[in-house]
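In case you want the letters, here they are:
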Amino acid sequence: MCLIAWNWQPGSDSPLLLVANRDEFYARPTAALHHWEDAPILAGRDLQAGGTWLGVSRCGRMAALTNYRAPAMMRSDAPSRGELVSGFLRGDVSSSDYLGQLQGQAAQYNPFNLLVFDGTTLMGLQSRDARVLSMAPGVGAVSNADFHTPWPKLSQLQTGLQDLLLQRRTSDVQLMALLQDRSPAPDAELPATGVPLALERALSAVFVATPGYGTRASSLVRYEKNEIRFTERRFDVDGDAGTSVHSLKLPTIE
């Protein structure tokens, strides 16, 4: 997962709306959005390492992950970061407790940003400095740098989401259109992350498309009063590869 934006409105009938693109090599085997047989999780699945990049649980938890782009910091022997998402979704500890436990272990993994929601609190962990953040109400975003770092693609998606919210135009079609923009950023605005300029340019678009690597899934997660609605549109090297829509009824609190 390489780009996530959200609108966090605690206490409302629609507390969380999240939009996200997952970028990955086309050759990496992946299962579409589905209900897992071995856990109470609704998510796509990385069939190479077994974890996921974005998912929700039947009790209303949500977790999402982006990688921190720093080629010099990558280790081939590090454990899969996708297990951090599924680990939160399988459990029942609070966002604060889960990220607090993970803080001391974050350096074991290649750099990442983890966003978690326990049904009450939205929080994040950026592993590079093992920092835990409580997300303020409103629109926020994260890409492949620290939370809220204003890379062009992040600023574009965040501004686009804010505009649609102000206009009350948040249909699936309108939100998916934000995630499909393939326009690269001007060279003068590109970050310097240690990859060649041509690749930096290609990765600067909200929707990434290169011969071997690109946006594999565009996702919408909507928390409403009594349910979660999860939409995933998939892509492969040939283009559109299908769409899945699932709903989960949220447990009633007596």
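About the thresholds
- Residues numbered from 1 in each chain as written.
- Predicted model: local features only at pLDDT ≥ 70, side-chain atom pairs only at ≥ 80, totals over all residues.
- Heavy atoms only, no water.
- Pairing = 2+ DSSP bridges.
- Helix = DSSP H or I, 4+ residues; strand = E, 2+ residues; numbered from the N terminus.
- Axes fitted to C-alpha atoms, helices over the stretch in contact; angles between N-to-C directions.
- Contact = heavy atoms within 4.5 Å.
- 1 Å grid on protein atoms, 1.4 Å probe; cavity = no way out; pocket = protein on both sides within 12 Å on 5 of 7 lines; lining within 4 Å.
- Points joined across faces, edges and corners; volume = space filled by probe spheres on them.
- Buried < 20%, exposed > 50% of the residue type's maximum accessible area, 1.4 Å probe, protein only.
- Core = buried A, V, L, I, M, F, W, Y, C linked by side-chain atoms within 4.5 Å.

1. Focus on the sheet that holds strand β10 (residues 138–142)
Spatially, the six strands line up as an open sheet ordered β10-β1-β2-β11-β12-β13, and their pairing is antiparallel. Edge positions in the sheet fall to β10 and β13 (239–249), since each of these pairs with one other strand and no more. Between one strand and the next, the sheet's axes are offset by a mean angle of 10°, whatever the strand orientation. Relative to β10, strand β1 (residues 3–8) is paired through five bridges, and the arrangement is antiparallel. Counted as the bridge partner of Trp8 is Gly138 from β10. Contacts from helix α3 (residues 152–167) reach β1, β2 (16–25) and β10, with the element oriented near 30° to β1.

2. Side note on the layout of surface pockets
In this structure, the largest pocket encloses a volume near 860 Å³. If you trace the largest pocket, you find 33 residues lining it, with Glu24, Asn67, Met74, Arg81 and Tyr213 closest to the centre. Taken together, the elements giving at least two residues each to the lining of the largest pocket come down to β2, β6 (62–67) and α5 (197–203). At four residues, the largest contribution of residues to the lining of the largest pocket is made by β2.

3. Things to note about the pairing of strand β5 (residues 54–57)
Every second residue of β5 is oriented toward a common face, with Leu54 and Val56 on one face and Gly55 and Ser57 on the other, all of them buried. As defined by bridge partners, strand β4 (residues 41–46) adjoins β5 across three bridges and the pair is classed as antiparallel. Pairing of Ala43 across the sheet is with Gly55, part of β5. Judged from the three bridges that link them, β5 and β6 form a sheet pairing that is antiparallel. Across the sheet, Gly55 pairs through a bridge with Ala63, a residue of β6. Between β5 and β6, which pair antiparallel and follow one another directly, the connecting turn spans four residues, one of which, Gly60, has a positive phi of 100°.

4. Regarding the nonpolar core
Ranked by size, the top nonpolar core spans 26 residues in total, and within it Trp6 and Met62 carry the most contacts. The residues contacting Met62, other than those within four sequence positions of it, are Leu16, Leu18, Leu54, Gly55, Val56, Phe88, Leu89, Leu115, Val116, Phe117, Leu122 and Tyr223. Membership of the second largest hydrophobic core comes to 20 residues, among which are Ala43, Leu89, Leu114 and Val116.

As far as function goes, none of this settles anything; it's purely spatial.
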